[in-house]
Amino acid sequence: SSSSSSSTAKSYEEAFKAVLLQSGWADLNSLIKAFIANEDSNYNTSRMTKELEQVRVQVAHYEQHSSASEVAVAKQQQIISDLDQRLTKTNTVTQTYRKRYDKALGVVGVLKKGIREIFDLMDCEEPIQ
């Protein structure tokens with residue numbers, strides 16, 4: 001039965017590699033790096049949204065309560081435009097990472113199930129958490 005377990009483990013290893021390749025992940029490290037990049041992207045999106053709102057408030061303040069020149073207002077509006085563009089790009093990247101992350105979670109679920117089956121075949125006492 002040891003040969004059977006070894007054969008089953010090898011087939012699960014091959015299946016794991018095939019699933020990773022099909023999902024676009026080269027290895028587990030790539031998956032982890034993508035997860036971290038996704039978290040960084042989410043943080044940057046939040047930070048840029050706050051910055052954008054602060055600049056909008058400043059522009060509104062200048063327009064209503066100040067004799068700011070048209071040049072200063074134009075500069076502030078350019079900053080808002082630039083931040084809007086950066087936010088759009090970041091949102092796009094975030095969505096891409098989110099899709100890849102969701103796909104990777106599916107891979108992890110399949111792996112967990114496969115590992116559980118290997119443990120069952122090997123009559124292991126300890127359950128997988």
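Residues numbered from 1 in each chain as written. Predicted model: local features only at pLDDT ≥ 70, side-chain atom pairs only at ≥ 80, totals over all residues. Heavy atoms only, no water.

(A) Representation of the overall build of the protein chain. Tallying secondary structure elements over the protein chain gives three helices and zero strands in all. The order of helices and strands in the protein chain, counted from the N terminus, is α-α-α. In the protein chain, which comprises 129 residues, the proportion classed as buried is 19%. Across the protein chain, the fraction of contacts at a sequence separation of at least 24, relative to all contacts at a separation of at least 6, is 69%. About 9400 Å² of surface is accessible on the protein chain, with carbon and sulfur atoms providing 55% of the total. (Helix = DSSP H or I, 4+ residues; strand = E, 2+ residues; numbered from the N terminus. Buried < 20%, exposed > 50% of the residue type's maximum accessible area, 1.4 Å probe, protein only. Contact = heavy atoms within 4.5 Å. Areas by Shrake-Rupley, 256 points an atom, 1.4 Å probe, with all protein chains shown as cover.)

(B) Seen up close, the pattern of salt bridges. As enumerated under the stated definition, the model contains three salt bridges in all. Aspartate 84 is the salt-bridge partner of arginine 56, the closest N and O atoms lying 3.2 Å from each other. Here the residue arginine 56 occupies a position in helix α2 (residues 28-65), and aspartate 84 occupies one in helix α3 (residues 70-121), the gap between them amounting to 28 residues. On the basis of relative accessibility, which here comes to 37%, the residue arginine 56 falls in the partly exposed class. We classify aspartate 84 as partly exposed; its relative accessible area is 27%. For arginine 116, the salt bridge identified is with aspartate 120, shortest N-O distance 2.7 Å. Here arginine 116 pairs with aspartate 120, and both are found in helix α3, just four residues apart, close to one helical turn. (Salt bridge = Lys/Arg side-chain N within 4 Å of Asp/Glu carboxyl O.)

(C) Broad picture of the nonpolar core. The biggest cluster of nonpolar side chains holds seven residues, and these are Met48, Leu52, Val55, Val59, Ile80, Leu83 and Leu87. At the level of elements, α2 and α3 are the ones that each hand at least two residues to this core. Element by element, the count of residues in this core is highest for α2, at four residues. When near neighbours in sequence (up to four residues on either side) are disregarded, methionine 48 contacts Arg86, Leu87 and Thr90. (Core = buried A, V, L, I, M, F, W, Y, C linked by side-chain atoms within 4.5 Å.)

(D) Here's a closer look at a nonpolar patch on the surface. A cluster of nonpolar side chains, Ile32, Phe35 and Ile36, forms an exposed patch at the surface whose accessible area comes to about 250 Å². Relative to the assigned elements, phenylalanine 35 resides in helix α2. Of the residues examined, phenylalanine 35 reaches a relative accessible area of 32% and is grouped as partly exposed. (Patch = residues over 30% accessible without salt bridge, like charges linked within 9 Å, V, L, I, M, F, W, Y side chains within 5 Å.)

(E) Geometry of the confidence of the model for the protein chain. Per-residue confidence for the protein chain gives a mean pLDDT of 80; residues scoring 70 or more make up 89%. Model confidence for the protein chain, summarised as mean pLDDT per element, is weakest for helix α1 (residues 2-23) at 75 and strongest for α3 at 87. (pLDDT = per-residue confidence, 0-100.)

(F) Representation of the side chain of asparagine 38. Residue placement: asparagine 38 occurs in helix α2. Contact partners of asparagine 38, with chain neighbours within four places excluded, come to Thr94, Tyr97, Arg98 and Tyr101.

(G) Main features of the environment of glutamine 78. With respect to the helices and strands, glutamine 78 occurs in helix α3. For glutamine 78, a relative accessible area of 44% translates into the label partly exposed. Polar side-chain contacts of glutamine 78 include one of 2.7 Å to the side chain of aspartate 82. (Polar contact = N/O pair within 3.5 Å; in protein donor to acceptor, adjacent residues only side chain to side chain.)

(H) Quick peek at the environment of tyrosine 43. Tracing the chain through its elements places tyrosine 43 in helix α2. As a C-alpha pair, tyrosine 43 and threonine 94 span 51 residues in sequence and 9.8 Å in three-dimensional space.

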